[in-house]
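Coordinates in review
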Amino acid sequence: MRVAGIKARWVVRVALFAIWLGPLLGLLCTPRSSNTDSFVYWQLRVPRVTTGLLVGASLGLAGAVTQALFRNPLATPSTTGTLAGATLGALLALVWGAGAASLGLPAIALSAFVGALLTSAIVLGAAASGRLRTQDILLIGIAVTLAASSAATVLEDIADTPALVAASRWSLGHLSQVGYGQIRIAGPILAVCWLILLSQARALQILVLGEDVAHSRGLNVRKARVISLSVCSLAVAVAVAWCGPIAFVGLIVPALVRLAFGANQRVVLPGSLVTGAALLTLCDALGQLISTRHEVPVGVVTAALGAPALVALIVLRNNS
Amino acid sequence: MTQLDIQGLVVSRGSRLILDNITLRVERLERVAVIGPNGAGKTTLMRAILGLLPTDSGSILLDGFPTLKLTPLERAAKVAWLPQQALAEEPISAIEYIRAARFRFGEGDLAARNAALSALKMVGADKWANRLITQLSGGEQQRVALAALFTQEASLLLADEPANHLDPAQQASVWRLLARAAMSSSIIVITHDINLVPLLGDLSKTRVVALNQGRIAFDLVANDSSLPDRLRELYGIEMQEYGDGGQRVILPKVSSGCPV
């Protein structure tokens, strides 16, 4: 038993080490153009890898915080309504024919951002009331997700074909079409979000032991929930508005880190930040390497790798 | 200043009265064992003291401050809690678990680690410092939970059935550790086993408070000679005192059939 446990831990550590090399792959090997002059390098590869790092780090960290907050390995930004709200927002923008730039951001991104914040606000309101148990808040998140998804389905039904194509392209998740302009806007916002979330490690560490116990040990549970959940939603909203709802990163990254390095939040949070950044860049590089003619969207790669990885992880964990 | 001063406390859930006009004072360094049938409101009383539930009427003062008016940090300095099934199913090491109980101090890494280690030493569990709490046996887990209780350094300790489900040796060591903590803190212990109470120390300085259907049924010094009679009233079965001058035990009477 113990031998198997240590083995599983080392298997995951080696896998994590491989993932951490992802950004290098993205910088060195992605084609798109056979010439590797400095224009391609600085105007295509570097911003794209930077985007992958920023978005991946945010999704990985948000996943870890959400899991700790809800004391549930299945809790991710997908189950707290954030991603569904972003999707609904993006669809709304597409269906109303918006494509024009406003406030320097494309309308789709802005609308997705607003949608993500609105649905998160419902869940956040439930958390802030202070009367609901953790599991109830998670259920409300799932209800919001379902409601937003069905609203999105109605929109898809009334949308015309070009809007639908654009919507489906957005919803696959991709890191292309990002330049330094967007990085300059989103980068600082995300960095501040990370710092705030990382500073919550101590609070989350006692929150995972149970909210009543956390309260009795001096934690203002309601305040910790509101800070973590709102900053998490903000980070995910920015990331998703930018690149589409990229699934599985928030789910698989914290699970990997926990299996490799234990459940201590002071390790899980920074570990998920780093691993999320590396994993998304790696998946994006793979998406470009799989086919040089038609690149595979990164969201498809994360889902294609994430699903089997998750199953493998569960098997590994049960063996240890 | 009285450690804990509860006056006319009423707590209800829906239309059901859980605590009905409880008045209880605990002085500094006092030891109190709380007994009573299942559902009598013992755990609810602890949760009310911790400010974990709204009260209908009455007041709970910790060091003279209403518990619900205190911030969680202020309250954590005054009262610490060992709940039933204390340990979570979170695979973290014993030392990390105990460090988390130092939250209120907001201290540096090294200080927290040293404090956690000395708490583990105190309960004789320092050799498990780096083991995962999920891999410890029931008795080991309860020692780690006790170390977390002590390391919060609160002036009032609440322990809810701390020796439940443990073998007799582990039960005795849990109670002895509580007795040691009782030298520097006031302590309230919920228990179903009245015969473990002597392990807390001098019986003449320990109180037994019985709850029944949300009311205080009696509040006696632990060596009071009427205790067996009062226990019979409390549980509704014949209780008999056994033993002589040395150690007395009170048990359900074997001969008179217990109601099934």
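Predicted model only: the values in this text are computed from it and were never measured.

On to the sheet that holds strand E8 (residues 186-190) of chain B. Residue and element names in this part refer to chain B. The sheet built from 6 strands is open, its strands ordered E6-E7-E8-E3-E9-E10 with mixed pairing. Looking at the sheet topology across the chains shown, the edges are occupied by strand E6 (79-82) and strand E10 (215-221). Sheet twist, expressed as the average angle between the axes of neighbouring strands with direction ignored, equals 15°. By the bridge criterion, 4 bridges tie E6 to strand E7 (residues 156-160) in an arrangement that is parallel.

Time to look at the sheet that holds strand E1 (residues 4-13) of chain B. With antiparallel pairing, 4 strands are arranged side by side in an open sheet as E2-E1-E4-E5 (chain B). Each of the sheet's edge strands pairs with one partner strand only, and the pair in question is strand E2 (16-26) and strand E5 (65-66) of chain B.

Residues and elements named next belong to chain B. Judged by how many residues are buried, E1 sits mostly within the fold: 7 of 10 residues are covered. Both E1 and E2 contribute to a ladder of 7 bridges, which runs antiparallel. Looking at E2, one finds that Val11 is bridged to Leu19. The hairpin turn running from E1 into E2, its antiparallel successor, is 2 residues long, and Gly14 in that turn takes a positive phi close to 65°. Sheet topology note: the E1/strand E4 (residues 57-62) ladder contains 5 bridges and is antiparallel. Each residue of the ladder has a partner; that of Ile6, found in E4, is Ile60.

Below, the discussion takes up helix H4 (residues 82-95) of chain A. Residues and elements named next belong to chain A. Helix length check: H4 (14 residues) gives 20 Å between terminal C-alpha atoms against 20 Å at 1.5 Å per residue, within 8%. Extensive coverage of H4 is indicated by the burial of 11 of its 14 residues. Every buried residue of H4 is listed here: Thr82, Leu83, Ala84, Gly85, Ala86, Leu88, Gly89, Ala90, Leu91, Ala93 and Leu94. The inward-facing, buried residues of H4 abut helix H5 (107-128), helix H6 (134-158), helix H7 (161-172) and helix H11 (221-243).

Rules used throughout
- Residues numbered from 1 in each chain as written.
- Chains lettered and ligands numbered in written order.
- Predicted model: local features only at pLDDT ≥ 70, side-chain atom pairs only at ≥ 80, totals over all residues.
- Heavy atoms only, no water.
- Pairing = 2+ DSSP bridges.
- Helix = DSSP H or I, 4+ residues; strand = E, 2+ residues; numbered from the N terminus.
- Axes fitted to C-alpha atoms, helices over the stretch in contact; angles between N-to-C directions.
- Buried < 20%, exposed > 50% of the residue type's maximum accessible area, 1.4 Å probe, protein only.
- Expected span 1.5 Å × (residues − 1).
- Contact = heavy atoms within 4.5 Å.

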